[in-house]
Amino acid sequence: MSNLKALSYKLRRDVVEMIMAGKAGHIGGDMSVMETLVSIYFHAMNISPENQNDPARDMFVMSKGHCVEALYAVLAEKGFFPIETVIKEYSQFGSKFIGHPNNKLPGIEMNSGSLGHGLPVAIGMALAQKMNGTDARTYVVMGDGELAEGSVWEGAMSATQYKLDNLCAVVDRNRLQISGTTEEVMHQDYVEERFKAFGWNVLSVDGNDIDAMNAAFDEAKTVKSRPTLVVANTTKGKGSSVMENKAAWHHHVPSQEEYEQIMKDLKAYEEAFANE
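Residues numbered from 1 in each chain as written. Predicted model: local features only at pLDDT ≥ 70, side-chain atom pairs only at ≥ 80, totals over all residues. Heavy atoms only, no water.

Is there a simple way to explain the overall build of the protein chain in this structure?
Secondary structure summary: the protein chain contains ten helices and seven strands in total. Taking 19 Å as the expected radius of gyration for a compact globule of 276 residues, we find that the protein chain reaches 17 Å, a close match to that expectation. Based on the C-alpha atoms only, the size of the protein chain along its principal axes is roughly 50 × 45 × 40 Å. Long-range pairs, those at least 24 residues apart, make up 76% of the contacts in the protein chain with a sequence separation of at least 6. When the accessible area of the protein chain is evaluated, it comes to approximately 11,400 Å², of which 49% is carbon and sulfur surface. (Helix = DSSP H or I, 4+ residues; strand = E, 2+ residues; numbered from the N terminus. Rg over C-alpha atoms; globule rule 2.2 N^0.38 Å. Contact = heavy atoms within 4.5 Å. Areas by Shrake-Rupley, 256 points an atom, 1.4 Å probe, with all protein chains shown as cover.)

Teacher, can you tell me more about the side chain of Asn 102 here?
When you line up the elements, Asn 102 lands in the loop between helix H4 (83-89) and helix H5 (118-131). Its relative accessible area of 7% is what places Asn 102 among the buried residues. Leaving out residues up to four positions away in the same chain, Asn 102 has contacts with Lys 96, Ile 108 and Asn 111. (Buried < 20%, exposed > 50% of the residue type's maximum accessible area, 1.4 Å probe, protein only.)

Sorry if this is basic, but what is going on with the pairing of strand E2 (residues 138-143) here?
Every regular strand shows the same layout, with side chains that alternate between the two sheet faces. The element E2 is largely enclosed, with a buried count of six among its six residues. Of the two faces of E2, the one holding Thr 138, Val 140 and Met 142 and the one holding Tyr 139, Val 141 and Gly 143 are both buried throughout. By the bridge criterion, four bridges tie strand E1 (residues 59-62) to E2 in an arrangement that is parallel. Considered in E2, the bridge of Val 61 is made with Val 140. (Pairing = 2+ DSSP bridges.)

In this structure, what is going on with helix H10 (residues 256-274)? I would like to understand it.
Its 19 residues give H10 an end-to-end C-alpha distance of 27 Å, which sits within 8% of 27 Å, the value for a rise of 1.5 Å per residue. Burial in H10 covers these residues: Tyr 259, Ile 262, Met 263, Asp 265, Leu 266, Glu 270 and Phe 273. Seen end-on, H10 carries its buried residues on one side only, within an arc spanning 165°. Summarising the geometry of H10, the exposed residues directed more than 90 degrees from the buried face are Glu 257 and Lys 264. The elements touched by buried residues of H10 are helix H1 (4-22). (Expected span 1.5 Å × (residues − 1). Arc of directions from axis to C-beta.)

I tried to follow H1 on my own but got confused; where do I start?
Within an α-helix, residues lying three or four positions from one another point in the same direction, as the helix has 3.6 residues per turn. With 19 residues, H1 extends 26 Å between its outermost C-alpha atoms, agreeing within 8% with the 27 Å of an ideal straight helix rising 1.5 Å per residue. Regarding H1, its N-cap is Asn 3, as a side-chain oxygen of that residue lies 3.1 Å from the backbone nitrogen of Lys 5 further along. Remark: Lys 23 follows H1 within two positions and exhibits a positive phi of approximately 60°. (Polar contact = N/O pair within 3.5 Å; in protein donor to acceptor, adjacent residues only side chain to side chain.)

Where do I start with the packing of aromatic side chains in this structure?
Each aromatic ring pair is described using two quantities: the centre-to-centre distance and the angle formed by the ring planes. One pass over the structure, following the stated rule, counts twelve aromatic pairs. Measuring from ring centre to ring centre gives 5.7 Å for Tyr 9 and Phe 273, while their planes differ by 25°; the resulting arrangement is stacked. Pair noted here: Tyr 9 is in helix H1 and Phe 273 is in helix H10, with a separation of 264 residues, a long-range link. Across the pair, Phe 273 and Tyr 9 agree in class, each one buried. Both rings, one in Trp 153 and one in Phe 195, keep their centres 4.7 Å apart while their planes meet at 45°; by these two values the pair is tilted. Taken together, the residues span a long stretch of sequence, with Trp 153 in helix H6 (residues 150-161) and Phe 195 in helix H8 (residues 191-197) at a distance of 42 residues. The class of Trp 153 is buried, set by a relative accessible area of 15%. (Phe/Tyr/Trp six-rings, centres within 6.5 Å; stacked < 30°, edge-to-face > 60°.)

Here it is in structure tokens:
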């Protein structure tokens, strides 16, 4: 689908179907991060089923691995596996489509979900790309609650030390985590200033605006000698008032009534964007 705005809502509906079938899933963060993933995979990143083993490919790490359902939906749309298979097998006994990224599946570079690990691993990937002399880039998506992990800040120092201008990190800044707001749990204001103090190029955009995300990733490619952080300001549960800005929807399986309303709302967004 060439219309990435409409695609973002079509894939949200795939996520909901997945969660309903598997009876599990981190639906709130899936909805907030969708435009980020769509922009990375369909605009910014050089990756496909055909080049997934090419040493010069771009690489991606889903550090907030609990939102794997959104990643599965995007990878399926990209052609790595059928969405019908994901919906049928997600969170089932013996399935490879488990509740966090699993590198036994095509298109997934590393198992993730232990928060704070993704950025340090992505730094290693970006450094290896530099050492190998390729023009490849590495992308990593973190949650804002994840920034409480000390390894994130050790990584932030390392990325500037090694001048990793081929590294682009994203913080999904939806301001909610499992037990409340990020500010209540572990104060996360001034994210931009913190990363700037570590020497990063920092962009702050509307993370649920696909055009803004595309522009941010384009700008990141022009920056030399330092990594880029994109602060994607998003709405948790984006797409339906049933879910939006509600911490209880961090991990939640909709009731049948909620499911019907959510799907109606998402379909309306998809159709509106498709007709633009």
